[in-house]
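Chains, contacts and geometry: an overview
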Amino acid sequence: MDTVKTIWLRDETKPMEARSALTPDHVQQLTEHGFHVVVERSTQRALANEAFAATGCEIVDSGSWNRAPKEAFILGIKDLPVSDEPLRHRHIYFGHAYKNQKGWEQLLKRFLQGGGVLLDLEYLVDETGRRVAAFGYWAGFTGCAVGLKAWAGQQLGCSPVVDELKPYYDKDELMRELSHDLEQAVRIAQRQPTVIIVGAKGRVGTGAGDLADAMGIPVTRWDLEETAGGGPFHEILRHDLFVNCVLVEKKIQPFITKELLSGPGRKLSVISDVSCDP
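I will try to describe carefully the structure that is included in this document. In this text, all values refer to a predicted model and were calculated from it rather than measured experimentally.

Structural notes on the overall build of the protein chain
Helix and strand counts for the protein chain stand at eight helices and ten strands. With the C-alpha coordinates aligned to their principal axes, the bounding extent of the protein chain is approximately 65 × 40 × 35 Å. Every one of the 278 residues in the protein chain was classed for burial, and the buried ones make up 39%. Restricting to contacts in the protein chain with at least 6 residues of sequence separation, those with at least 24 account for 65%. Put simply, the protein chain shows about 15700 Å² of open surface, and 54% of that area lies on carbon and sulfur atoms. Counting 32 positive and 38 negative side-chain charges, the protein chain places the averaged centre of each group 4 Å from the other.

A word on the sheet that holds strand β1 (residues 6-9)
The strand order across the open sheet built from six strands is β3-β2-β1-β4-β5-β6, with neighbouring strands paired in parallel fashion. Either end of the sheet is taken by a strand with one partner, and the two such strands are β3 (58-60) and β6 (117-120). Strand after strand, the sheet turns through a mean of 25° between neighbouring axes, direction not considered. Looking at chain direction, β1 and strand β2 (residues 36-40) are connected through four bridges and run parallel. Bridged to Trp8 within β2 is Val38. Running over the sheet, helix α3 (residues 104-114) touches β5 (90-93) and β6 and is turned about 130° from β6.

Quick word on the pairing of strand β10 (residues 270-273)
In β10, alternate side chains face the same way, and those of Val270 and Ser272 are buried while those of Ile271 and Asp273 on the opposite face are not. Pairing of strand β9 (residues 241-244) with β10, which is carried by four bridges, proceeds in the parallel orientation. Residue Phe242 lies in a different strand from β10, and its bridge partner there is Ile271.

A look at the nonpolar core
The biggest cluster of nonpolar side chains holds 25 residues, and the ones touching the most others in it are Cys144, Leu148, Leu182, Leu211, Met215 and Val243. Secondary structure elements with two or more residues in this core: α4 (136-156), α5 (171-189), β7 (195-198), α6 (203-214) and β9. Counting residues per element, this core draws most heavily on α4, at seven residues. Excluding residues that lie within four positions of it along the chain, Leu182 makes contacts with Leu148, Trp151, Ala152, Pro193, Met215 and Ile217.

Let's talk about unusual backbone geometry
Of note, the bond from Ser159 into Pro160 is cis; its omega dihedral lies within 30 degrees of zero at 0°. Residue Gly231 is joined to Pro232 through a cis peptide bond whose omega torsion reads 0°. For Met16, which is not glycine, the phi dihedral falls at a positive 75°. With respect to the helices, strands and loops of the structure, Met16 is situated in the loop between β1 and α1 (24-32). Taking the relative accessible area as the measure of exposure, Met16 reaches 48% and is therefore partly exposed.

Brief notes about the environment of Val38
Of note, Val38 is situated in strand β2. When the C-alpha positions of Val38 and Leu261 are compared, they lie 51 Å apart, and in sequence the two are 223 residues distant. Residue contacts for Val38: discarding those within four places in its chain leaves Thr6, Ile7, Trp8, Leu9, Glu58 and Val60.

Calculation criteria
Residues numbered from 1 in each chain as written. Predicted model: local features only at pLDDT ≥ 70, side-chain atom pairs only at ≥ 80, totals over all residues. Heavy atoms only, no water. Helix = DSSP H or I, 4+ residues; strand = E, 2+ residues; numbered from the N terminus. Buried < 20%, exposed > 50% of the residue type's maximum accessible area, 1.4 Å probe, protein only. Contact = heavy atoms within 4.5 Å. Areas by Shrake-Rupley, 256 points an atom, 1.4 Å probe, with all protein chains shown as cover. Lys, Arg positive; Asp, Glu negative; His and termini not counted. Charge placed at Lys NZ, Arg CZ, Asp CG, Glu CD. Pairing = 2+ DSSP bridges. Axes fitted to C-alpha atoms, helices over the stretch in contact; angles between N-to-C directions. Core = buried A, V, L, I, M, F, W, Y, C linked by side-chain atoms within 4.5 Å.

Written out as structure tokens, the structure is:
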């Protein structure tokens, strides 16, 4: 059993990834419980470097985790930089490798070559098997928001329909901008958009529904009961936005098909596939 308890918060390198696996409050709590916390400087993290430095933790250069002591836990959220370099540390993040996603072989090969370990946050569960580290709620919240922005852009004749996405400072900033976009779009369309959420009772679906409710958008909520008979489902076409919040881990009948989309009477113009995991 290792006696040195070092948690090394690495800088995220994936474009637009401004989230942090730790906050300064977390750092303070970990320090009080005997952990040595190291935080890499970042220019894209939503939380300021100064806020971490104020906790008294060790601040180091971005990308220096590969020089960390071997016993350190390297903590992050999303992808490591693409490389052939063997990985010798214990990494905690969403590796997206254990379900044969794109690039899984190369990533796990790096761990095998370096003797490191991937502790994937997706598989961190409690005694009931429920995940304890999940961004699902906010994924659904923002996924529905992007879908509604796309619908608004269609009504407004924007090209591209949605501008380049960027992180928002907070939820209120996102909602203010979205409210403005929808107000203009509804004025042109002479009606509000309608939304159908499939997988509405889960974390992701709950977040999507809360965003739609906050915007005053009519929502149809489907879950296991409504989809038990198998697709495709013509009802989805009667809505402007389809937000898919179902994590599919085995082959099922598709909810919609190209043939269905090509048929008459389609109202659907936007699909936001929040749970897509290629």
